[in-house]
Amino acid sequence: MKKHSARVAPLSACNSPVLTLTKVEGEERPREPPGPAEAQAPAGTEAGGRTSRHHWTCSQEQLRKVFWGVAVVFCVCASWAGSTQLARLTFKTFDAPFTLTWFATNWNFLFFPLYYAGHVCKSTEKQSVKQRFRECCRFFGDNGLTLKVFFTKAAPFGVLWTLTNYLYLHAIKKINATDVSVLFCCNKSFVFLLSWIVLRDRFMGVRIVAAILAIAGIVMMTYADGFHSHSVIGIALVVGSASMSALYKVLFKLLLGSAKFGEAALFLSILGVFNILFITCIPVILYFTRVEYWNSFDDIPWGYLCGFSVLLLTFNIVLNFGIAVTYPTLMSLGIVLSVPVNAVVDHYTSQIVFNGVRVIAIIIIGLGFLLLLLPEEWDVWLIKLLTRLKVRKKEETAESSGDLGTGPQSRNRRARPSFAR
């Protein structure tokens, strides 16, 4: 079977109520969308060699990725907003955010089996489960997945995953889903700041502006409710969740690098195994100490719990493996679009007040998130585009002035009688 060398830097659980992990392996690394200058091509030229018209060209492959991108954006938006709203409904009858976090994380175990099922259906050279497992274990080093590797390279991320999810879900109990979802978008700004400090990533002024907007949005969101203790605690929980998620992503890149599809699926399944083996004791302790207590298992809203877990699993699958069919930027747009969806639902189902300060805060944080989606070479592309537009304008001006200068004048010269002999 062919070995694919393309690797994609994993995303941490930053985009869902319960961590999202990686941007995973692709059979091939998807090409980034071309810059404006690259996408523009002359459609025809005049006899003199001058370009007469310019058209934007789009290959069939790009059209396919855009089409899949629309489907992925819809799926990300629906699963993200749906899981957040289901979590809010769950807490009305089942006040146990940590137990819900533990229950949903257990479903991560399904990642590798689902990946292997896709491998069997798609690959021409099929491998056994054992062969595929061993190949994916090379992600952890030459010795594969040893006990030492499990505790040093997987367990810390399992803890961060649990903290991110728990803080996010606990925040839903304190404040409305709209505020929680929009504040969690600040995660991307925290990732940039940590990457710049720890990983020495390239400094970008526009991303510093985005980080400032995110911080300003957090302050304004706190002010929108008048700095009440209940609201401040909820906002602090969301910011803590976003920070844990950002730390997860940066540490993953620092310690493990990037992962292929199979490697990422295996890693997520390992997090599910870690959750079952080592986190199970915590909800048990919380139950017997009556911190998270329920009278009987019949009182548990299993429909909400399973619905939340399925939507969250769907969100993580699409966000991690959608890069195989579309551009990463399009997938990220689904997270931003989930904010207005949550706002509409909250407007009709809760007592949320969309005053001017809250609306401005939402817009500021959303703008900062969109600025962070700009590629690193966005300024180069912009300069090329402006240069091309300027050149085209000069050409059109020269053509129009040339037509005006040659047409009437030549006709006048032909019509004027000549007295010279």
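Small disclaimer: the values here were computed from a predicted structure and weren't measured. For every chain, the first residue of its written sequence is number 1, and the numbers climb from 1 along that sequence. Local features in a predicted model are, by the rule used here, given only for residues with pLDDT of at least 70; side-chain atom pairs are given and counted only at 80 or more, and totals for whole chains, interfaces and linings are based on all residues. Hydrogens and waters are ignored; side-chain quantities use all the structure's heavy atoms.

Peer 1: Looking at this model, I keep getting lost on the overall build of the chain. Mind explaining?
Peer 2: Only DSSP runs of H or I reaching four residues or more are called helices, and only runs of E reaching two or more are called strands; each is numbered from the N terminus. Across its full length, the chain carries 16 helices and two strands. For the exposure calls, accessible area comes from a 1.4 Å probe over protein chains only, and a residue counts as buried if that area is under 20% of its type's maximum, exposed if over 50%, partly exposed in between. Put simply, the chain has 421 residues, and 46% of those count as buried. Sequence separation of at least 24 residues holds for 81% of the intrachain contacts in the chain that already meet a minimum separation of 6. Note on areas: Shrake-Rupley with a 1.4 Å probe; residue coverage comes only from the protein chains shown. Total accessible area on the chain stands at roughly 21,400 Å², and carbon and sulfur atoms take up 65% of it. Here, residues are in contact when the closest pair of their heavy atoms is within 4.5 Å.

Peer 1: How do you make sense of the packing of aromatic side chains when you look at a structure like this?
Peer 2: Pairing of aromatic side chains requires ring centres within 6.5 Å, counting the rings of Phe and Tyr and the six-membered ring of Trp. Pairs whose planes differ by under 30 degrees are stacked, by over 60 edge-to-face, and all others tilted. Evaluation of the coordinates by the stated rule reveals 32 aromatic pairs. Here the aromatic rings of Phe112 and Phe133 are separated by 6.2 Å at their centres, their planes lie at 85 degrees, and the arrangement is edge-to-face. Residue Phe112 is found in helix α4 (residues 111–122), and its partner Phe133 is found in helix α5 (residues 129–137); the two are separated by 21 residues along the sequence. Taking relative accessible area as the criterion, Phe133 reaches 34% and is therefore assigned partly exposed. The interplanar angle of 65 degrees and the centroid separation of 5.6 Å between the aromatic rings of Phe157 and Phe252 together place this pair among those described as edge-to-face. Remark: Phe252 occurs in helix α10 (residues 229–255) and Phe157 occurs in helix α6 (residues 147–174); sequence separation between them is 95 residues.

Peer 1: Before we go on, may I ask you to explain unusual backbone geometry in this structure?
Peer 2: Most peptide bonds are trans, and most residues other than glycine sit at a negative phi. A positive phi angle is found at Arg290, which is not glycine, with a value near 65 degrees. Considering the arrangement of structural elements, one finds Arg290 in the loop between α12 (281–288) and α13 (302–321). You can call Arg290 exposed: its relative accessible area is 58%.

Peer 1: Which parts of the structure should I look at to understand the state of the cysteines?
Peer 2: Disulfide: a covalent bond formed between the sulfur atoms of two cysteine residues. Two cysteine sulfurs form a disulfide in these notes if their separation is within 2.5 Å. Across all of its chains, the model carries zero disulfides by this definition. Left unpaired, Cys185 is separated from the closest cysteine sulfur, that of Cys186, by 7.3 Å.

Peer 1: Looking at this model, I keep getting lost on the packing of helix α2 (residues 60–93) against helix α7 (residues 177–184). Mind explaining?
Peer 2: Between two packed helices, what matters for the description is the angle formed by their axes and the separation of those axes. Geometry is summarised by axes, namely lines fitted to C-alpha atoms with helices restricted to the contacting stretch, and by angles between N-to-C directions that run from 0 to 180 degrees. Orientation of α2 relative to α7, taken along the N-to-C sense of each, is 135 degrees, at an axis distance of 10 Å. Taken together, the axis directions place α2 and α7 in an arrangement best described as oblique. Where α2 crosses over α7, the handedness of that crossing is right-handed. When α2 is examined against α7, the residues Trp80, Thr84, Gln85 and Arg88 are found in contact with a partner set consisting of Ala177, Ser181 and Phe184. In what follows, roughly perpendicular refers to angles from 65 to 115 degrees, roughly parallel to angles under 35, roughly antiparallel to angles over 145, and oblique to any angle outside these ranges. Helix crossings get a hand from a simple test, with the near helix turned counterclockwise from the far one by less than a right angle marking a left-handed crossing and a clockwise turn marking a right-handed one.

Peer 1: Teacher, can you tell me more about the nonpolar core here?
Peer 2: Generally speaking, a soluble globular protein has its nonpolar side chains buried in company with each other. What is meant by a nonpolar core is a set of buried Ala, Val, Leu, Ile, Met, Phe, Trp, Tyr and Cys residues, joined one to another through side-chain atoms within 4.5 Å. One finds Leu169, Leu183, Tyr248, Phe267 and Phe308 to be the most contacted residues of the largest nonpolar core, which totals 85 residues. Here this core takes 12 residues from α6, the largest share from any one element.

Peer 1: Even after reading the chapter, I still don't get the environment of Thr349, so can you show me in this structure?
Peer 2: Mapped onto the elements, Thr349 comes out in helix α14 (residues 328–349). Within 3.5 Å is the distance limit for a polar contact, defined as a pair of N or O atoms, with the added protein rule that one can donate a hydrogen and the other accept it, and that residues adjacent in sequence qualify only through two side-chain atoms. Within the structure, the side chain of Thr349 is placed 3.1 Å from the side chain of Arg88, a separation counted as a polar contact. Only 2.6 Å separates the side chain of Thr349 from the backbone oxygen of Val345, close enough to count as a polar contact.

Peer 1: Explain the side chain of Thr84 here, please?
Peer 2: Secondary-structure assignment places Thr84 in helix α2. By relative accessible area, Thr84 is classed as buried at 0%. Within polar-contact distance, the side chain of Thr84 engages the side chain of Tyr168 at 3.3 Å.

Peer 1: What's the story with the pattern of salt bridges in this structure? I'm lost.
Peer 2: Oppositely charged side chains are able to pair whenever their charged atoms sit close together. Whenever a carboxyl oxygen of Asp or Glu lies within 4 Å of a side-chain nitrogen of Lys or Arg, that contact is scored as a salt bridge. Throughout the structure, instances matching the rule amount to four salt bridges. In this structure, Arg88 and Asp346 form a salt bridge, with 4.0 Å as the shortest nitrogen-oxygen distance. One end of the pair, Arg88, is in helix α2; the other, Asp346, is in helix α14, with 258 residues separating them in the sequence. Pair check on accessibility: Arg88 and Asp346 agree, each one buried. Here Arg358 makes a salt bridge to Asp179, at a shortest N to O gap of 2.9 Å.

Peer 1: Could you clarify how one ought to interpret a nonpolar patch on the surface in this entry?
Peer 2: Residues with no salt bridge and a relative accessible area higher than 30% make up the patches, which join like charges within 9 Å and nonpolar side chains (Val, Leu, Ile, Met, Phe, Trp, Tyr) within 5 Å. Taken together, the side chains of Phe109, Leu110, Leu114, Leu147, Phe151, Ile276, Leu277 and Phe278 present a nonpolar region at the surface, about 770 Å² in accessible area. Looking at the nonpolar patch, the elements with two or more residues in it are α6 and α11 (261–279). Looking at which element gives the most residues to the nonpolar patch, the answer is α11, with three residues. Since its relative accessible area comes to 43%, Phe109 is described here as partly exposed.

Peer 1: I'm lost on the environment of Gly141 in this one. Help?
Peer 2: Relative to the elements of secondary structure, Gly141 occurs in the loop between α5 and α6. Distance in space between the C-alpha atoms of Gly141 and Leu256 is 9.6 Å, their sequence separation being 115 residues.

Peer 1: Honestly, the confidence of the model for the chain in this entry has me stumped. Any pointers?
Peer 2: Note: predicted coordinates in regions of low pLDDT should not be interpreted at a detailed level. Per-residue confidence from the predictor is reported as pLDDT, a score between 0 and 100. For the chain, the mean per-residue pLDDT works out to 79, and 80% of the residues sit at or above 70. The secondary structure element of the chain with the lowest average pLDDT is helix α1 (residues 36–39), at 34, and the one with the highest is helix α3 (residues 97–106), at 96. Confidence drops under pLDDT 50 across residues 8–56; counting only partners more than four residues distant or on other chains, this segment forms 172 contacts. Note that pLDDT drops below 50 for residues 410–421; the model gives that stretch zero contacts with residues more than four away or on any other chain.

Peer 1: Looking at this structure, how should I read α11?
Peer 2: One turn of an α-helix holds 3.6 residues; hence residues three or four places apart share an orientation. An ideal rise of 1.5 Å per residue puts 27 Å on 19 residues; α11 measures up with 26 Å between its terminal C-alpha atoms. Summarising burial for α11: 15 of the 19 residues are buried, a large majority. Given a helix with a known number of residues, its expected span is that number minus one, times 1.5 Å.

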